[in-house]
Structures are given as C-alpha cells and as structure tokens.
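Residue-level listing of the chains:
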Amino acid sequence: MSWRRKNNAFLCLLSQIIRIGITYLYRDHKHTMRTFTLFSSLLLSAALTAQSFYNPVTIPPTLSGTTFNLNVAPAVHQFFNSVNTPTYGINGTYLGPTLLMNQGDSVAINVSNNLNETTTMHWHGMHVPAWTDGGPHTEIPAGTTWQIGYKVMNPASTNWYHPHTHMSTGNQVYMGLAGMLIVKDTVEAQLNLPRTYGTDDFPLVLQDRSFNSNGTFFIEGLADSMLVNGTPHAYLDCPAQVVRLRLLNGSNVRTYNIGFSDNRSFYVIASDGGLLAQPYLTNRLLITNGERYEILLDLTNSQGNTFNLMSYASQFAGNEPGGSGMMNGNSPLNGVDFGIMQLNVVAPTGSPVTQVPATLIAVNPLQAANANLTRYKSIDGMGMFTNMANFSFNNTPFNMMFINDTIVLNNTEIWQFTNNSNLAHPIHIHDIEFYVLSRNGNAPPAYEGGLKDVFYIKPNDVVRVIAKFEDFADDTVPYMYHCHNLMHEDNGMMAQFIVVSSMNSIDNNTAEDLQPVIFPNPAGDFVNLQLPDVIIQNTAEIVVTDNLGRLVYFSATTDKQVQLKTTGWNNGLYTITVRSGAMLWHSKLLVNH
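Residues numbered from 1 in each chain as written. Predicted model: local features only at pLDDT ≥ 70, side-chain atom pairs only at ≥ 80, totals over all residues. Heavy atoms only, no water.

Here the focus is the pairing of strand β5 (residues 98-102). Counting buried residues along β5, 4 of its 5 residues qualify, which places the element largely inside the surrounding structure. With 4 bridges joining them, β5 and strand β10 (residues 179-184) adopt parallel strand pairing. Paired with Met-101 across the bridge in β10 is Val-183. (Buried < 20%, exposed > 50% of the residue type's maximum accessible area, 1.4 Å probe, protein only. Helix = DSSP H or I, 4+ residues; strand = E, 2+ residues; numbered from the N terminus. Pairing = 2+ DSSP bridges.)

Next comes the structure, spelled out in structure tokens:
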C-alpha cells in the first residue's frame, strides 16, 4: 500500500468515526435538537474532503442483443469486507447489468420477479408504448414473469431501468433494483468519441446509502455514505486520454453538484435524451435524481495525477436536497463538499481519443409557436426531503383511478410548472423527451439545450418545457409524471396522463344518420345525449365506463334526449356506449370541470 493510500486510510477512518458518531447520535435521539461546536464541524469537513478511496469501482456487466432476461431476486452483498448486507439484485446481488440496445432493433424483455413482493420495471427515458412503460399500473406479482417487447426508437443516449411500484419504489431502489440502459445509433458512431465500455467509457451510478451496525441498510432519504456502482470508497483508473463518464444520479433524494477536487474543467456532451449540439465546457454540473449527463475529461497530459470526483454541496441552499438545515435531516454529507470517487490517471490505451470534438449532432428544439396548447401545473405542499411530506400537482393528491391529463396523439404541448412548495424537486415525465423552453422567463443553460426527461425546479421558480406526444396512443394504460425524489413520489407527488388518438373517436356499426349526438365534449357538469328514433323504439341502454373500465353510469331509456350529470365524476376520459338491439355505438367523452 502506498503512503498516499495509508494516509488516506487514516483520514477515512477518522471521517468514518465522526460520521458514525453523528449519525447514531441523531438516530438514537431523533426528536432531540443538538448543537455541534464549530470545531467538530470543521473536523468533519476536513475528514470528508480527505476521504480514502481504496476499492476499485465495479463496472457492471453488460447484456446485449435483442432478448434480455432479467431476474429480480433477494440477495446478500458485501459492501464491506466480511459484512453481509441483505439486498435486492437484478441478475446479481446489487444493481443490474447494463443493457446495450441499438436504435431500430425490436427487443424482447422478460422480467422474472422472485421477490416476496410485487414489483414493476420502468424503462426510464425510453420512448415505448404505455403498456410496456412499467409504471405502477403494470405490476409484476411475486413468482411471475412479465414478458414485453418494443422497438428501440430513442437516439444514442444513457437511460436506466428501475421499479415503479406504487408506494414501494423508494425501498426497492434503495435495496438495489436499478441498472443502466445505453442506446447506440449510427449518428453517434460516426463521432470520434470514447465508447469502449469499461476502458474509456465508464458507467457511474451515484447513490448515497446508510448502514446499520449489523450491515443492513438503514433506509433514509439523505444517507451518510457514497456508493459508485455499488462500491464504497471507490477509485477508477482512467487512461491518459479523453475519457467519457456516464453519470446517473440513482439516489433516492440527494442532488449532486458535480466538480473535481483540482477544479479542472470538463465537457458536458449529452443529457437525458442524448447528445447536445456541441460540448459545453464547465467546472460544475448539478445532477438531480433520475438525471443522466455524459461528460468528457481530457486527461491527455495528466498521467500520474490523482484527483477526486466531488459534490460541492456547500453551495446548496437549505431548501435543496443535500443542503444544510432541518429540511434535509442530519446526514453529515449535507451542506459540505465531499468526495464521491477518486480518479487515478494511468497510461493511455493503444488507440486513444485525444481530442474533444468541436460539434456533435444537429439539435432542433420544438418551437413554442407550434404548440397546440399550454398546460399549467403548480407544485403545492409543504414538507421535508423525507417521507414526512405532503406534495402534489395542482393540489390534487395522486389517485391510481384518476387521469389528470388527456392528450391527443401528435399534439405538441407546453407544460408550465410553478413551484409553490417550500422545497426544490426533480420532475420526471414518462413517454416523451422534452426541451426546456425557459427558466423564470430566461433561456436555460446550454447543458439543458438537448432532449431531457427530468428537470430541477427550485421554490418559486417557473419552468416551461415543450414536447410532442407521438407514436403511441392508449386510452387504458396511463403514463406518469412525478417528483423523482422517491420519498415524495411514494407519498403521492405523482399524476398520470393518457394519450388518445382523438377526443371523439367513434367506432360503430350504424349509419351516420342513426348515430346519437353527444354534446358538449369536453363536458363540465353535464353532458347531453340525443338519441335517434330508431334506437329509442327498442329501448336504449346507456353505459358509461371510466378509463379503467369501471362502471360509472347505467340506464335504460326511451327518451330522445338524456342529460347526464357529471359533477361527481373525476376529470378524465370516459367511454359512452349505447346499445339497442343489434346496434352498438360508442364514443369517448372528456370530462374537464
């Protein structure tokens, strides 16, 4: 062991003693306010800055091809020598393999659930049909296998997969259910970029975790120890050339303010949905829950150097996840600058990439002038960065049976979010990738200029995003949008939308002059049905079902005009069916009070 490693080991031991002491002091006295001296705070900060990194980072194995078999099961993993931690794994003991897919391929995926509880599997960032998206409606009961398939439509990008089980997402992800999903395409392949997996192109899943003294997880929102790909005290040997880091914030709650200990600059080349138009040079990058960024480090003249990947959390406010103060709890990582992983620059490979491209791909953002409509969404509620929270969209708590938004296929829409709550939130929208139009009326920073599916919004901020909802319509299975703070999501900060082919889709076997007339549509507090004589002669049955097929109205009538009161119905899409003898007529009704 080198002097550097020995010295770092001592400092790490010091930091661990302080961290454990503070953590357990607070755990044992959760309702007691404690004041620590300036000396102890400075000592902790110094120890965290000088952390030791002595474990080579685990590089997840890969699965490729067009058939992917994933086994979700309980496991035992040793994060620390001779300490067994019960975990959940996907084809292993913690986290899952990196799935490598090619744009244009049709893939089959089999997810076998060998847990003793229900799970789901969401393909975060992937543009797929609603029934394959893996939201909370698409459960995989214990002991069953979910078999799906879809065409890979995304461009080259870094995505991920994880459970989306209602009220259990946070626990299941914390236990280890997550993995990266990398899409490749021919456009990205033409660029001179690092892309040798595990050699100059590194997947890095950033997670904070806490452990009890017996090695089990202590599940909390903001934890006290860092893992990279499930490795504590991780280091990575990087060749002295241009290397690519695929950063995924896989933490339940914590946001990271990425930088390096020597304050070196780096290039952001891709966000959630794929490559940017050109590299963006910076020395800080905020990455919130669920976000992915790809960065390039130019290490061509750095052989022999050692430096740390850092989170400069001292720059966070108290109302941001990972800042200081009571809203964040008592993790020693809150409000301080801490090391995530050490990078050691070693000899270059045989055929290194030595230059950063000046340009990347053509990016053509959607234009606000072409939007079909704007939806206004408020973020409401008060709480903390834990499950002690009560947040919602438009003051509407999440309801699995309630469709918050109905969107017409191929519509381009602007969604404007206003954060009226007391905390910052990461917001994720399923199905689509969007462009950030503005933040508080100003253009977004250049690194947000590409396609995204997660954005960060601080209290009192207004963020406008624009997306086109194309390719997939399904009036039965909804997509979700939600806070990707998994504690908030599990506590109800979520809503859902469906995409329909049209607002008044008619499928019938009657001639046009024999069809009932429905108005108004969309309906407010009532809707009228005007029935032709040929129908009411034989008595007409009127059946109304909600989006999940539940009966909300039934009557048999010989009246020519029928008015239905919809005041007690939830907003959303309904199906009105009229039966008379051999004739059948049905239409979609949108209720929007």
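Taken in spatial order, the 5 strands make up an open sheet running β2-β5-β10-β9-β7, and their pairing is mixed. Of all the strands in the sheet, just β2 (62-63) and β7 (122-124) have a single pairing partner and so form its edges.

Our focus in this paragraph is the packing of aromatic side chains. Counted according to the given criterion, the structure contains 24 aromatic pairs. Ring geometry for Tyr-94 against Phe-217: centres 6.3 Å apart, planes inclined by 45°, an arrangement best described as tilted. A residue pair is termed long-range when its members are at least 10 positions apart, and Tyr-94 in the loop between β4 (83-90) and β5 and Phe-217 in the loop between β11 (201-209) and β12 (225-228) qualify at 123 residues. In this pair, the class of Tyr-94 matches that of Phe-217, namely buried. (Phe/Tyr/Trp six-rings, centres within 6.5 Å; stacked < 30°, edge-to-face > 60°.)

This paragraph deals with the side chain of His-428. Turning to its location among the elements, His-428 is positioned in strand β27 (residues 425-429). According to the relative accessible area criterion, His-428 is buried, its value standing at 1%. Among the polar contacts listed, one links the side chain of His-428 to the backbone oxygen of Asp-453, at a separation of 2.8 Å. With residues up to four places along the chain from it excluded, the contact list for His-428 reads His-122, His-124, Asp-453, Val-454, Met-480, Tyr-481, His-482 and His-484. (Polar contact = N/O pair within 3.5 Å; in protein donor to acceptor, adjacent residues only side chain to side chain. Contact = heavy atoms within 4.5 Å.)

This part takes up the nonpolar core. In terms of nonpolar packing, the biggest core is built from 40 residues, with Leu-245, Ile-258, Phe-260, Leu-297, Ile-340, Met-341 and Leu-343 touching the most fellow members. Sort the elements by how many residues they give to this core and strand β22 (residues 337-346) lands first, with 5 residues. Discounting residues that sit within four places of it in the chain, Phe-260 has contacts with Leu-245, Phe-266, Ile-295, Leu-297, Phe-307, Asn-308, Leu-309, Met-310, Tyr-312 and Leu-343. Among the nonpolar cores identified, the runner-up in size contains 38 residues, and Leu-115, Trp-123, Val-152 and Ala-223 belong to it. (Core = buried A, V, L, I, M, F, W, Y, C linked by side-chain atoms within 4.5 Å.)

Here we come to the sheet that holds strand β3 (residues 67-80). Read from one edge to the other, the open sheet built from 4 strands follows the order β4-β3-β6-β8, with strand pairing classed as mixed. Edge positions in the sheet fall to β4 and β8 (145-151), since each of these pairs with one other strand and no more. Neighbour-to-neighbour, the strand axes of this sheet turn through a mean angle of 25°, independent of strand direction. Pairing of strand β6 (residues 106-113) with β8 involves 7 bridges; the strand directions are antiparallel. Opposite Ser-112, over in β8, you have Thr-145 as the bridge partner. (Axes fitted to C-alpha atoms, helices over the stretch in contact; angles between N-to-C directions.)

Before going further, it helps to examine the pattern of salt bridges. Considering all chains together, one arrives at 16 salt bridges under this definition. A salt bridge links Arg-292 to Asp-453; the shortest N-O distance between them is 2.8 Å. Pair noted here: Arg-292 is in strand β20 (residues 292-298) and Asp-453 is in the loop between β28 (435-439) and β29 (454-457), with a separation of 161 residues, a long-range link. Each member of the pair Arg-292 and Asp-453 is classed as buried. Of the charged contacts in the structure, one is a salt bridge between Arg-439 and Glu-448, with a shortest N-O distance of 2.8 Å. As far as the burial class goes, Arg-439 and Glu-448 line up, both buried. Three or more residues are tied together by salt bridges with common partners; here these are Glu-188, Arg-195, Asp-201, Arg-244, Arg-246 and Glu-294. (Salt bridge = Lys/Arg side-chain N within 4 Å of Asp/Glu carboxyl O.)

Residue Phe-519 is joined to Pro-520 through a cis peptide bond whose omega torsion reads -10°. By the secondary structure assignment, Pro-520 is in the loop between β34 (517-519) and β35 (526-530). Residues Asn-521 and Pro-522 are joined by a peptide bond in cis, for which omega reads 15°. Mapping Pro-522 onto the fold places it in the loop between β34 and β35. Positive phi values are uncommon outside glycine, yet Asp-431 reaches one of about 80°.

The pairing of strand β26 (residues 412-419) with strand β30 (residues 462-468) spans 7 bridges and is antiparallel. From the neighbouring strand, Glu-413 faces β30, where its bridge partner is Ala-467. When β28 meets β30, the two strands line up antiparallel, connected through 4 bridges. Residue pairing in the sheet places Val-436 in a bridge with Val-465 of β30.

Before going further, it helps to spend a moment on the environment of His-137. Residue placement: His-137 occurs in the loop between β7 and β8. You can call His-137 partly exposed: its relative accessible area is 27%. Sequence-wise, His-137 and Thr-165 are 28 residues apart; in three dimensions their C-alpha atoms are separated by 8.3 Å. Residues within four places of His-137 in sequence aside, it is in contact with Met-400, Pro-478, Met-480 and Gln-496. Within polar-contact distance, the side chain of His-137 engages the side chain of Gln-496 at 2.7 Å.

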